[in-house]
Amino acid sequence: FANSLLMEEEIKNSNNVFDVEFVMVPFGADTTVAVSDKEIEEYYNAHKNLFPVSETRDIEYIVVEFNDENEDAVFAQVDSLFNDADIENFSQLAVDNGFFHDTISNMSMFANSFGSYANVENIVKWAYKEENAGAVSEIYTVNDGDENYFIVAALSKINPEGYAPLEQAKAFIE
């Protein structure tokens, strides 16, 4: 139930018509103001909490494809080459033997692929459990659809949780 005063007010408000004109002013960065590197650094130092980064890992890895006919021979070859490998000779062994070799920087603990390779969760888990940069993993078997791979990884660097470096944050500050 609406009383007559509310009803009268509602009718009056519903019948009001307004003509409005407005001007839209585009908003953008003011290119006439120069910000010095010192000012950017001061802002960054005062607001580091705006640039948090999670713990990540940098790894190198090799990939060797195999099939049912050559699985044992390929495994034996990879095992003999990388069983005693270390971070110092890891990439050179890959190059010398014609294996695909790549690196990943800032790999998240939630990664489930790298490059075009899926189903690599066990390698990611290894990288996060491993406490020593420079360590080389065991040989992992990865099945990706119709493709089968052996993958060996080397832990290049453990990037601790903290704040993005100034050079990374600078793009957001400017």
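Look a little higher up for the structure.
As a starting point, this report considers the structure included with it.

Cut-offs and rules
- Residues numbered from 1 in each chain as written.
- Predicted model: local features only at pLDDT ≥ 70, side-chain atom pairs only at ≥ 80, totals over all residues.
- Heavy atoms only, no water.
- Axes fitted to C-alpha atoms, helices over the stretch in contact; angles between N-to-C directions.
- Helix = DSSP H or I, 4+ residues; strand = E, 2+ residues; numbered from the N terminus.
- Parallel < 35°, antiparallel > 145°, perpendicular 65-115°, else oblique.
- Contact = heavy atoms within 4.5 Å.
- Nonpolar A, V, L, I, M, F, W, Y, C, P; charged D, E, K, R; others polar.
- Phe/Tyr/Trp six-rings, centres within 6.5 Å; stacked < 30°, edge-to-face > 60°.
- Buried < 20%, exposed > 50% of the residue type's maximum accessible area, 1.4 Å probe, protein only.
- Lys NZ or Arg CZ within 6 Å of the ring centre and 35° of its normal.
- Core = buried A, V, L, I, M, F, W, Y, C linked by side-chain atoms within 4.5 Å.
- Salt bridge = Lys/Arg side-chain N within 4 Å of Asp/Glu carboxyl O.
- Pairing = 2+ DSSP bridges.
- Patch = residues over 30% accessible without salt bridge, like charges linked within 9 Å, V, L, I, M, F, W, Y side chains within 5 Å.
- Areas by Shrake-Rupley, 256 points an atom, 1.4 Å probe, with all protein chains shown as cover.

## Quick notes on the packing of helix H2 (residues 37–46) against helix H6 (residues 166–173)
- Across the interface, H2 lies against H6 with an axial gap of 10 Å and an inter-helix angle of 100°. When the axis of H2 is compared with that of H6, the two are roughly perpendicular. Of H6, the residues touching H2 (which contributes Asp 37, Ile 40, Glu 41, Tyr 43 and Tyr 44) are Leu 166, Ala 169, Lys 170 and Ile 173.
- Taken together, the residues that form the contact of H2 with H6 break down as six nonpolar, no polar and three charged.

## Focus: the packing of aromatic side chains
- Taken as a whole and judged by the stated rule, the model has 10 aromatic pairs.
- Ring plane angle 35° and centroid distance 5.9 Å describe the contact between Tyr 44 and Phe 51, whose orientation is recorded as tilted. For the pair formed by Tyr 44 and Phe 51, the shared burial category is buried.
- Ring-pair connections join several aromatic residues into one group, and the members of that group are Tyr 61, Phe 100, Phe 114, Tyr 117 and Tyr 149.
- Cation over ring: Arg 57 sits above Tyr 128, and NZ or CZ is 4.3 Å from the ring centre.

## Looking at the nonpolar core
- Among the nonpolar cores identified, the biggest contains 21 residues, and Ile 59, Tyr 61, Met 107, Phe 114, Val 120, Ile 123 and Ile 151 are the most heavily contacted of them.
- Elements that contribute at least two residues to this core include exactly strand S2 (56–66), strand S3 (100–107), helix H5 (121–129), strand S6 (140–144) and strand S7 (147–159).
- The element best represented in this core is H5, accounting for five residues.
- Non-local contacts of Ile 59, meaning those with residues more than four positions away in its chain, are made with Asp 102, Thr 103, Ile 104, Met 107, Phe 114, Ala 127, Ala 153, Ala 154, Leu 155 and Ser 156.
- With 15 residues, the next largest nonpolar core counts Ile 62, Val 64, Ala 85 and Phe 150 among its residues.

## Overview of the pattern of salt bridges
- Taken as a whole and assessed by the stated rule, the structure comprises three salt bridges.
- A salt bridge links Lys 38 to Glu 42, with the shortest nitrogen-to-oxygen separation between them at 3.6 Å. Residue Lys 38 and its partner Glu 42 are both found in helix H2; the two are separated by four residues, about one turn of the helix.
- What makes Lys 38 exposed here is its relative accessible area of 59%.

## What to know about the pairing of S2
- The buried fraction of S2 amounts to 10 of the 11 residues, a majority that puts the element mostly inside the structure.
- Examined bridge by bridge, S2 and S7 share 11 bridges and lie antiparallel to one another. Within S7, the position partnered with Val 63 by the bridge is Ile 151.
- Bridge count for S2 against S3 is six bridges, and the pairing is antiparallel. Paired with Ile 62 across the bridge in S3 is His 101.

## Considerations on a nonpolar patch on the surface
- A contiguous nonpolar surface patch, about 440 Å² in accessible area, is contributed by Val 20, Phe 22 and Met 24.
- Note on placement: Phe 22 falls in the loop between helix H1 (4–14) and H2.

## As for H5
- Among the residues making up H5, those that are buried are Ile 123, Val 124, Trp 126, Ala 127 and Tyr 128.
- Here the buried face of H5 lies against S2, S3, strand S4 (113–114), S6 and S7.

## Observations concerning the side chain of Lys 170
- Topologically, Lys 170 is positioned in helix H6.
- When neighbours within four sequence positions are excluded, Lys 170 is seen to be in contact with Asp 37 and Ile 40.

## Comments concerning the sheet that holds S3
- In spatial order, the strands read S3-S2-S7-S6; together these four strands make up an open sheet with antiparallel pairing. Looking along the sheet, the strands with just one partner apiece sit at the ends: S3 and S6. Neighbouring strand axes in the sheet, compared pairwise and without regard to direction, differ in orientation by 35° on average.
- Along the sheet, helix H3 (residues 71–82) makes contact with S2 and S7, crossing S2 at roughly 140°.

Geometry only, nothing functional implied.
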